[in-house]
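The residues making up each chain are set out below.
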Amino acid sequence: MSIDTLAPSTVALHEGAARSAEGSRTWRKLARNPAAIAGGVILLVVIGAAVFAPHVAPHEAARQSLIRRFTPPLWAHGGNTAYLLGTDQVGRDILSRIIHGARISLVVGVSAVLVSLTVGVTLGLLGGFLQGRVDTVIMTVVDVMLSFPQLLLALAFVAALGPSLTTIIVVLGLTGWERYTRVVRAEVLALREKDFVEAARAMGASPTRVLLRHLLPNTFSSIIVMSTLQVAQAILAEAALSFLGVGTGSAYPTWGQMIALGRDFVSVAWWLPTFPGLAILLTVLSINLVGDRLRDALDPRVG
Amino acid sequence: MLTLLVRRVVRLVVVLAGVSLVTFAILHVSGDPVSLMMPEAPEADRVVLRQAMGFNAPLPVQFARFLANTARGNFGNSFFHRAPALPLVLDRMPTTLLLTVLAMGLSISIAVPIGILSAVRRNSVFDHGATFVVFLGTSMPVFWTGIMLILLFAVQLRLLPVSGWESWAALVLPTLTLATASTPLLLRIVRSSMLEVINLDYVRTARAKGVSEWIVIWHHALVNAALPLVTVAGLQFSLLLGGAIITETVFAVPGLGRLIVGAIRQLDFPIVQAGVFLIALIVVLVNFAVDLLYIYLNPQIRVR
């Protein structure tokens, strides 16, 4: 370690210690909350199912069997222990398809949020820090984006670009970044007047350093909370796109597509659309619960 | 005050230009609009169409044309219906607006009383219950809620029609479905804005004067909590119109959303563009109205 990096790194050390103390306080707050624990457990199960899908799924997701079609779930009359949640109109095991579908939902949810996050935070930092004309342009773009219901815009653009997993991720990412920009910009505007930013500037820190080392880290807790909640939104949006027929463009099962196919059979086989929807509901609910409690836990004002 | 109005109008025009740019981009984002419009046509036909539609001109020129046409309400002819796109889209508008307004009305009549009661009895069993229902509501996919309502009320109980828009009974399930999408957010905002004003000094003063609790809540607190509610009205409208697209598809409601989804399946882009633009226009105008209302309602701005 060279001498000129010593001073800042000592500071960083203290900051680090403070941050980890804060971190453990956050964890303690989270661990006290039964709703957050329940959400966390469900979420872990879903993630586990997605990661190990081929190993934990009882059947092959694509295997059809005409004699087994419309098998009701285990507890219903005519249920079969081999097919816990029943089979669909071509005899595919619904549980196995739900387990595989978790992969698409989670991949799309997390990746789309990463895209939104990158675009939104960058524009928010720039707008709040540079102000003036740049800020005006950025906020106008935000206003334009807010004029469209996200789903409508995503629907049109996915259709225009041709449905695929990448298209869905990019389009959902590029239609959902405004919230980050607004929040990060507002926080930067408030922070840049604070003494510690003034001090950093007086000590000769470059604008880039002020931006990345002093302003950005202070927006982390709101970014984390927003991102968590946004994953839930993105999962719902992906399901809606799949339901409307502009999904991933492949035969790999997704929850939205299962509901779309099951809808036509709702009067003869209620379990077809019901269970994939419950999978969405539980996953999104658990993310929302964790995200909401995370907000409280990261907020020093809430005890 | 006048300069503020002028500034709002300028912003309205700029945002509408931006909205047209995004609408324009739908057809051009793939790089080749012709192969998007007719994926199976032979190359010779494509060349002809490209020439006829003016797709050979530079993009800025094409956008300028699009902007001029949009200003005149011309989105081209629907490929499928072989008629101008805008009248087709406008035809479906009343149905979608009726659905949206019904759902908004239902949302407000559920969210306002429950939100107030939640705030007044903060941390009670009622409040916790309401909060859980809010979580449940925000986590349900709209289309699935619709299908589950069909399963319950149309298939099992046989009380209501499965789909359509012909009778008043047919309006019940779509309205209910759309309202489940918008109520949770509204309830949350009512509750939190009530919580913010309920312990302020003037509310306490009113209580101390011996004003009855309900008058305190309705007259002193709610009026002041209404301001944040007005500001989210635009957001609510956008949310509802987005939800209407799905709801209409689930219940086969002959509205704008169903028209757009159908047009997307048929690659009928003039309809898609006209529909997308019209919906954004409504959201922009609602937001503009909200801005004006806000200026009017907020004495701090009005006086200046």
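Now for a quick tour of the structure. (Residues numbered from 1 in each chain as written. Chains lettered and ligands numbered in written order. Predicted model: local features only at pLDDT ≥ 70, side-chain atom pairs only at ≥ 80, totals over all residues.)

Details of the packing of helix 6 (residues 125-139) of chain B against helix 8 (residues 168-198) of chain B
All names here are of chain B.
No. 1: In the contact formed by helix 6 and helix 8, the axes pass within 8 Å of each other and the chain directions differ by 140 degrees. Compared by their axis directions, helix 6 and helix 8 come out oblique. Crossing handedness for the pair helix 6 and helix 8: left-handed. Every residue of helix 8 that contacts helix 6 at Ala130, Val134, Gly137 and Thr138 is listed here: Thr180, Thr183, Pro184, Leu185, Leu187 and Arg188.
No. 2: Taken together, the residues of the contact of helix 6 with helix 8 sort by class into 5 nonpolar, 4 polar and 1 charged. (Axes fitted to C-alpha atoms, helices over the stretch in contact; angles between N-to-C directions. Helix = DSSP H or I, 4+ residues; strand = E, 2+ residues; numbered from the N terminus. Parallel < 35°, antiparallel > 145°, perpendicular 65-115°, else oblique. Left-handed = near helix turned anticlockwise from the far one by under 90°. Contact = placed C-beta atoms within 7 Å. Nonpolar A, V, L, I, M, F, W, Y, C, P; charged D, E, K, R; others polar.)

A look at the interface of chain A and chain B
No. 1: On the chain B side, the residues contacting the 37 residues of chain A number 39 residues.
No. 2: At the level of elements, helix 5 (132-146), helix 6 (150-161), helix 11 (220-243), helix 12 (255-263) and helix 13 (271-298) of chain A are the ones that each hand at least two residues to the side of chain A that touches chain B.
No. 3: No other element matches the 9 residues that helix 6 of chain A contributes to the side of chain A that touches chain B.
No. 4: Counted by class, the side of chain A that touches chain B contains 28 nonpolar, 7 polar and 2 charged residues.

Describing the packing of helix 8 of chain B against helix 10 (residues 213-231) of chain B
Residues and elements named next belong to chain B.
No. 1: Interhelical geometry of helix 8 versus helix 10 gives an angle of 130 degrees and a closest axis separation of 9 Å. Comparing their axes, helix 10 and helix 8 come out oblique. Handedness of the helix 8/helix 10 crossing: right-handed. Every residue of helix 10 that contacts helix 8 at Ile189, Val190, Ser193, Met194, Val197 and Ile198 is listed here: Ala221, Asn224, Ala225, Pro228 and Leu229.
No. 2: Partitioned by chemical class, the residues of the contact of helix 8 with helix 10 number 9 nonpolar, 2 polar and no charged.

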